[in-house]
Amino acid sequence: MKKVKIYVTLRESILDPQGSAVQGSLAKMGYGEVEELRIGKYLELTISDSARDIDTLVKEMCEKVLTNVVIEDYRYEVGEAN
Amino acid sequence: MKFAVLVFPGSNCDIDMYHAIKDELGEEVEYVWHTETDLSSFDGILVPGGFSYGDYLRCGAMANQSNIMAEVKKAADAGKPVLGVCNGFQILTEAGLLPGALLRNKNLKFMCRTIQLKVENNNTLFTNQYEQGQVINIPIAHGEGNYYCDEETLQKLKDNNQIVFTYSGENPNGSLADIAGIINERGNVLGMMPHPERAVDALVGGADGLAVFKSIVKQWRENHVNN
């Protein structure tokens, strides 16, 4: 079995008000050295070994439903599931 | 004219939509559950607001995978009027029937109040009962209504007069170019964040939204009723 970790983030050009709000809180707490904070999503998929080409599969799922390419970027890592 | 009001798990403006059509307009209307696979007997499709599939993953993303959405695309291709309000607008952008996407409100707050909208284009099948430039009062109720598209798309929307409603005076959610509602290039699919179906009776605060539905019916009758 394979474990796929997918990280979804808002595209760089898009303002992330949630991230800015959290960054503001950190600054108030004394962590003013944080220059930017962006919030994204993490998805974890366990995929059977019998699956077809895993890169094709993951890219297809990401582009069809898991991300909205108008506003989001994604990257993923494939590893062995425990 | 016969309308379909789509119902997804988590839709919550479906009853308002049904009421607007049946009680205020006196037209035919039926609820259609998202697992259905045929919309051919309907003349107009209404995609209501709410929180389809709990807004999991992204607003409208799961609803777009429902059986019924393939039928909505067919109806849109056939030129039938398709109106998506709030979550319905989010679903139509996820489906690619309208360009762009809806982001979290700039101030991160869920907002529920009446705002002012300007009719930017009254030459559509959804707005022919308004005056050009008319300012109307319509309620909003959303947390993710901040319309976004890339520059090229925005230029196209402007060039084709596809921006139908803008926020007037105050932009509540930070949307690009104050956009509150857009139409597709062909002119038969409208998505808007404010809720015209919640403004159809003066008794409950105003009836400025009724003209959206009256416009649809007027245009349909002109095209379909034999003289």
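All residue numbers here refer to positions counted from 1 along the written sequence of the relevant chain. Each chain is given a letter, starting from A, and each ligand a number, starting from 1, according to the order in which they appear as written. Per-residue local features are limited, in this predicted model, to residues with pLDDT of at least 70; the limit for side-chain atom pairs, both in listing and counting, is 80 or more; totals at the level of whole chains, interfaces and linings are taken over all residues. The basis for every side-chain value is the complete set of heavy atoms in the structure, and neither hydrogens nor water enter the calculation.

When helices and strands are tallied, chain A shows 2 helices and 3 strands. Under the DSSP-based scheme used, a helix requires at least four consecutive residues in state H or I and a strand at least two consecutive residues in state E, with every element numbered from the N terminus. Its helices and strands taken in sequence order, chain A reads β-α-β-α-β from the N to the C terminus. Here chain A has a C-alpha radius of gyration of 16 Å; the compact-globule value for 82 residues is 12 Å, and the former is much larger. Projected onto the principal axes, the alpha-carbon positions of chain A cover approximately 50 × 30 × 15 Å. Only protein chains enter the accessibility calculation, which uses a 1.4 Å probe; a residue whose area is less than 20% of its type maximum is buried, one above 50% is exposed, and one in between is partly exposed. Every one of the 82 residues in chain A was classed for burial, and the buried ones make up 28%. Within chain A, contacts between residues at least 6 apart in sequence are counted, and of these 71% link residues at least 24 apart. The Shrake-Rupley method, run with a 1.4 Å probe, gives the accessible areas here. Residue values count only the displayed protein chains as cover. In the form shown here, chain A has an accessible surface area of approximately 5400 Å², with 52% of it arising from carbon and sulfur atoms. When charges are counted, Lys and Arg contribute as positive and Asp and Glu as negative, whereas His and the chain ends are disregarded. For the purpose of locating charges, the reference atoms are NZ of Lys, CZ of Arg, CG of Asp and CD of Glu. Here chain A carries 11 positive and 15 negative side-chain charges, and the mean point of each set is 4 Å from the other. Within these notes, the globule rule equals 2.2 Å times the number of residues to the 0.38 power, and the radius of gyration is based on C-alpha atoms. Pairs of residues are marked as contacts when any of their non-hydrogen atoms sit within 4.5 Å.

For the rest of this paragraph, the subject is the confidence of the model for chain B. Confidence scores labelled pLDDT are given residue by residue by the predictor and lie between 0 and 100. For chain B, the mean per-residue pLDDT works out to 96, and 99% of the residues sit at or above 70. Complex prediction metrics read pTM 0.95 and ipTM 0.88.

All names here are of chain B. Only a pair of cysteine sulfur atoms within 2.5 Å qualifies as a disulfide here. Taken as a whole and judged by the stated rule, the model has 0 disulfides over all chains. Of the cysteine sulfurs around Cys 13, a residue in no disulfide, the closest is that of Cys 86, at 6.4 Å. Look at Cys 13 and you get buried, because its relative accessible area is 1%.

In this section: helix H2 (residues 67-77) of chain B. Residue and element names in this part refer to chain B. Looking only at H2, the buried set comprises Ile 68, Met 69, Glu 71, Val 72, Ala 75 and Ala 76. When H2 is viewed along its axis, its buried side chains cluster within an angular range of 155 degrees and face the same direction. Counted as exposed and oriented over 90 degrees from the buried face of H2: Lys 74 and Asp 77. In the core, the buried residues of H2 are packed alongside strand S1 (2-7), strand S2 (28-33), strand S3 (44-47), strand S4 (82-85), helix H3 (87-94) and strand S11 (189-192). The first or second residue beyond H2 is Gly 79, which carries a positive phi of 90 degrees. The arc in question is formed by the directions pointing from the helix axis toward the C-beta atoms.

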